[in-house]
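Tertiary structure, described
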Amino acid sequence: MKTVLSGLLILGLTTTSSVANAAGPRSGEDIYASKCIACHVSGAGGAQKLGDKAAWAPVIAKGIDVLYTSTISGFNGMPAKGLCFDCTDDELKAAVDYMVEQSQ
């Protein structure tokens, strides 16, 4: 059952994002809402929860370029691109910017 639900979730996210890409770059908020939210709302895999200032402070202190690189290349429990392989680097950077803005 879990595998079936995971497959449906991935299929739904892939289908949704393919349609969004046809319309142009997605906003950071859109990427967060469709991709990043899965881990950053629950804290799965050690992900900082959106809006948790205490958890985000040491991450933000590393500098935005480190956050971009970690997001694109992967870091600790977060896989490369957060598994958003249809996201451009600029869309991922926009998502990082959005999460940082919401968590300062």
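Above this note sits the structure.
The paragraphs below set out a description of the structure included in this document. Here the structure is a predicted model, which means the values were calculated and not measured.

**Topic: the packing of helix α4 (residues 64-73) against helix α5 (residues 89-102)**
- Where α4 contacts α5, the axes come no closer than 10 Å and their chain directions differ by 125°. Classified by the interaxial angle, the pair formed by α4 and α5 is oblique. α4 and α5 meet at a crossing whose hand is right-handed. Of the residues in α5, those touching α4 at Ile64, Leu67, Tyr68, Thr71 and Ile72 are Asp89, Leu92, Lys93, Val96, Asp97 and Val100.

**A closer look at the packing of helix α2 (residues 28-40) against α5**
- At a minimum axis distance of 9 Å, the contact between α2 and α5 shows a crossing angle of 75°. On the basis of the axis angle, α2 is roughly perpendicular to α5. Of the residues in α5, those in contact with Gly28, Glu29, Ile31, Tyr32, Cys36 and His40 of α2 are Glu91, Ala94, Ala95, Tyr98 and Met99.
- Across the contact of α2 with α5, the residue classes tally to 7 nonpolar, 2 polar and 2 charged.

**A short note on unusual backbone geometry**
- If you check the backbone angles, Lys81 has positive phi at about 60° while not being a glycine.
- For Lys81, the location among the structural elements is in the loop between α4 and α5.

**A few points about the environment of Pro25**
- Within the secondary structure layout, Pro25 lies in the loop between α1 (2-22) and α2.
- Accessibility expressed as a relative area gives 77% for Pro25, which makes it exposed.
- Counting along the chain gives 65 residues from Pro25 to Asp90, while the straight-line C-alpha distance between them is 8.4 Å.

**A word on the nonpolar core**
- Of all hydrophobic cores here, the largest spans 15 residues; its most connected members are Cys36 and Met99.
- Contributing elements (two or more residues each) for this core: α2, α3 (53-61), α4 and α5.

**Brief notes about the state of the cysteines**
- Considering all chains together, one arrives at 1 disulfide under this definition.
- Each sulfur in the disulfide pair Cys84 and Cys87 lies 1.7 Å from the other. Looking down the S-S bond of the Cys84 and Cys87 bridge, the torsion is 65°, so its handedness is right-handed. For the residue pair Cys84 and Cys87, the accessibility class agrees, reading buried in each case.

**Looking at the pattern of salt bridges**
- Tallied over the entire structure, the rule returns 4 salt bridges.
- Residue Asp86 pairs with Lys35 through a salt bridge whose shortest N-O separation is 3.6 Å. Note that Asp86 is positioned in the loop between α4 and α5 and Lys35 in helix α2, a separation of 51 residues in sequence.
- Overall, Asp86 belongs to the partly exposed group, its relative accessible area being 25%.
- Taking the shortest distance from any N to any O, the salt bridge between Lys81 and Asp89 comes out at 3.5 Å.

Rules used in this analysis
Residues numbered from 1 in each chain as written. Predicted model: local features only at pLDDT ≥ 70, side-chain atom pairs only at ≥ 80, totals over all residues. Heavy atoms only, no water. Axes fitted to C-alpha atoms, helices over the stretch in contact; angles between N-to-C directions. Helix = DSSP H or I, 4+ residues; strand = E, 2+ residues; numbered from the N terminus. Parallel < 35°, antiparallel > 145°, perpendicular 65-115°, else oblique. Left-handed = near helix turned anticlockwise from the far one by under 90°. Contact = heavy atoms within 4.5 Å. Nonpolar A, V, L, I, M, F, W, Y, C, P; charged D, E, K, R; others polar. Buried < 20%, exposed > 50% of the residue type's maximum accessible area, 1.4 Å probe, protein only. Core = buried A, V, L, I, M, F, W, Y, C linked by side-chain atoms within 4.5 Å. Disulfide = S-S within 2.5 Å. Salt bridge = Lys/Arg side-chain N within 4 Å of Asp/Glu carboxyl O.

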